[in-house]
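Survey of secondary and tertiary structure
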Amino acid sequence: MGSKVKLFFPFSLVMLVGLVLPVVVMIIAGFQGMDGGFTFSNYTTIFSQNYYRMAIFNSLWISLIAGIIGLVISILGAWAITQLAERTQNILIILFNLAASFAGIPLAFSLIIVFGNAGIAKALAHTLHIGFLGGFSIYSLQGLILAYTFFEVPLGILFLYAPMKEIKKEWFEAALVLGANRSFFIKTIILPILLPNIIETFIILFANAMGTYETMYALTGNNFISIPIVIGSLIDGSLNANVPLACALATIFAAVMAMLVLVGNRIINRKRK
Amino acid sequence: MKVQRVNKWRPQLVITLIAIFLLAPIVATFFYSISTVWVKTILPNGLTFKWYGVLTADPNFIPSVIRSLLLAIAVVIVTMVAFLPVIFYANVYNPKLKEKLRYLSILPYSIPGIVLVTGLVQLYGNVAVPKIIILILTISAICLPAFYQSLNNAFMGDDFRGMFEQAQLLGDSKVGAFIRVVLPNIRAGLMVGLLLTFAAAFTEYVITNIFLTGQYQTLKIYMYRLMNTNGNAASVLTIIFFLFLGVIALILIKLVSNQKRAKKE
């Protein structure tokens, strides 16, 4: 065997068997019926039935809101970190790394302990007669958005921290000397520099929320209708399993996400130039 | 400098609020794990460590940790053998390939676990293949972007091509030169990449659970089941899991700061 072959064989094997072939087969299978024949029916089902349209709508909506909330808080958070002492900054970055990786089942369970039907928040609301807290359900759309912020905020901070650290205090001082005030400085200098990073971070937060299955499943089982949950219920081997339909839905998902990320990259590259 | 100190209360307030928000559920979970009973009351009825005993005495606990460990170790080995040489080659010999590998960073967001597992079920669902092997390869593949990015920095700066070729001139084989000359110089970056890969494989849930239909009970699958059967023991497990992630985060930060210091020198 040539050394090039030796070099690339294990790499290609892992990527083909573990990733490329399953994705290619998934795309093809989206155009097959349960019997294996060619059909568009999976796609017409998805776009014509309310259930699937609702899944798409819910996913887009929850990801948009969670992405915006996550972005706003993480802009504030990343800015605040850069203002603190170097040592504190390093500790905070550990903390946010940790918070971001806590997502999924452990996060969902912690939130159930606080906001669940037998949780602390309900007890507080009952004793202190706080109506909105008593009515708040962690298993609802609002509850899911709250849950998502627990990993969207740290993720956003981790992405925005490095570019914000690049902004030098001297620039602000120089602008002040030249007669600019604070808001003018932020609008004309800081914002254009950070905008590509802000767009990039928003796209990542949005895509991350779109693909979130574990947290949502651990909180609501198969009860909340979203793209990941519907896909999960179609492939879990139960009675109403329909793998080709799941393949079509997953293909739509992957195509939309890939397009979004690519378009985002293009905008960002143009802005950077 | 002194003038700026005065204004620090605002960033401090923002960070404190965010930190309290993020940590509150974990603190609550900790108190839940040491409570005798804590249902529909503001404060727990009493404190106890008995749930820690209950969890460790559960015969399913240790085996599920071991299963997750085995899975993570297998993924780390595959990553080392299959990806490391190619990343070295792309960085040192083939910038065009490196340019292509850059697109990997899009991967985890356009193909999340739930999408990839759909393809796995479709392709391998009804075929007699050892699914655990496929699972190991798939998790390795999705860990590649993070592994690749942590190694990229390690290859910057030094003349790896010169080192690698000189070692071969001195009679080392390619593999020997790689192990003796290249590896020691990328140690920190490699450790970061392997640790991230290990953590991702150890905590993977969606693909493992759906593709192997819950039959290979890893720690996360065990955690989900426990959460629905014994909430107190599950809270103990959540705290242990949090500490485990904390240790990994600490080691990562230590490695990265060492790496930065080494690059500066």
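The structure displayed is predicted, hence computed values, not measured ones. (Residues numbered from 1 in each chain as written. Chains lettered and ligands numbered in written order. Predicted model: local features only at pLDDT ≥ 70, side-chain atom pairs only at ≥ 80, totals over all residues. Heavy atoms only, no water.)

Focus: the overall build of chain B
The secondary structure content of chain B amounts to 14 helices and zero strands. For chain B, the N- to C-terminal ordering of α and β elements is α-α-α-α-α-α-α-α-α-α-α-α-α-α. Summarising its shape, the C-alpha atoms of chain B cover approximately 75 × 70 × 35 Å along the three principal directions. Taking all 265 residues of chain B together, 52% fall into the buried category. If you take every contact in chain B between residues at least 6 apart in sequence, the share linking residues at least 24 apart comes to 71%. For chain B, the accessible surface area stands at approximately 13100 Å², while carbon and sulfur atoms represent 66% of it. (Helix = DSSP H or I, 4+ residues; strand = E, 2+ residues; numbered from the N terminus. Buried < 20%, exposed > 50% of the residue type's maximum accessible area, 1.4 Å probe, protein only. Contact = heavy atoms within 4.5 Å. Areas by Shrake-Rupley, 256 points an atom, 1.4 Å probe, with all protein chains shown as cover.)

Structural notes on the overall build of chain A
A tally of helices and strands in chain A yields 13 helices and zero strands. Along the chain direction, N to C, the helices and strands of chain A fall in the order α-α-α-α-α-α-α-α-α-α-α-α-α. Projected onto its principal axes, the C-alpha positions of chain A cover 75 × 70 × 40 Å. Per-residue burial for chain A yields a buried fraction of 51% across its 273 residues. A sequence separation of at least 24 residues applies to 67% of the contacts in chain A between residues at least 6 apart.

Digging into helix α4 (residues 61–92) of chain B
The terminal C-alpha atoms of α4(B) lie 45 Å apart, and with 32 residues this matches the ideal 46 Å at 1.5 Å per residue to within 8%. At B:F83, α4(B) shows its maximal kink, close to 40°; a proline, B:P85, follows between one and four residues later. (Expected span 1.5 Å × (residues − 1). Bend = angle between axes of the 7 residues up to and from the residue.)

Here's the deal with the UniProt feature "domain: ABC transmembrane type-1" (unreviewed entry) in chain B
Here, the residues flagged by UniProt with the feature "domain: ABC transmembrane type-1" (unreviewed entry) are residues 65–252 of chain B. Regarding residues 65–252 of chain B, the helix share stands at 81% and the strand share at 0%, and the terminal C-alpha atoms are separated by 21 Å. (UniProt positions renumbered as here; feature names shortened; annotations may be inferred.)

Some thoughts on the interface of chain A and chain B
Facing the 85 residues of chain A at the interface are 73 residues of chain B. In total, chain A and chain B occlude about 6700 Å² of area from one another, counting both sides; carbon and sulfur atoms represent 84% of this. Viewed at the interface, chain B and chain A are joined by one salt bridge. Ionic pairing is found between B:K220 and A:E214, a salt bridge with its closest N-O pair at 2.9 Å. Linking chain A to chain B there are six residue pairs in polar contact (both at pLDDT 80 or more). For the side of chain A that touches chain B, the element with the highest residue contribution is helix α1 (residues 3–29) of chain A, accounting for 17 residues. Considered class by class, the residues forming the side of chain A that touches chain B number 66 nonpolar, 15 polar and four charged. (Buried area = accessible area lost by both parts, 1.4 Å probe. Salt bridge = Lys/Arg side-chain N within 4 Å of Asp/Glu carboxyl O. Polar contact = N/O pair within 3.5 Å; in protein donor to acceptor, adjacent residues only side chain to side chain. Nonpolar A, V, L, I, M, F, W, Y, C, P; charged D, E, K, R; others polar.)

What about the nonpolar core?
All names here are of chain B. Judged by nonpolar contacts, the single largest core of 181 residues is most densely connected at F83, I186 and F211. Looking at which domains feed residues into this core, each of domain 1 (1–48) and domain 2 (60–264) supplies at least three. With residues up to four places along the chain from it excluded, the contact list for I186 reads L84, L151, A154, F155 and F160. (Core = buried A, V, L, I, M, F, W, Y, C linked by side-chain atoms within 4.5 Å. Domains from an automatic or database assignment.)

Side note on the UniProt feature "domain: ABC transmembrane type-1" (unreviewed entry) in chain A
Mapped onto this numbering, the UniProt entry gives "domain: ABC transmembrane type-1" (unreviewed entry) at residues 56–264 of chain A. Taken as a whole, residues 56–264 of chain A contains 81% helix and 0% strand, while its terminal C-alpha atoms sit 21 Å from one another.

Describing the UniProt feature "transmembrane region" (unreviewed entry) in chain B
Following the UniProt record, one finds the feature "transmembrane region" (unreviewed entry) at residues 12–34, 69–89, 101–121, 127–148, 188–212 and 232–256 of chain B. The span residues 101–121 of chain B carries 67% helix and 0% strand; its end-to-end C-alpha distance comes to 27 Å.

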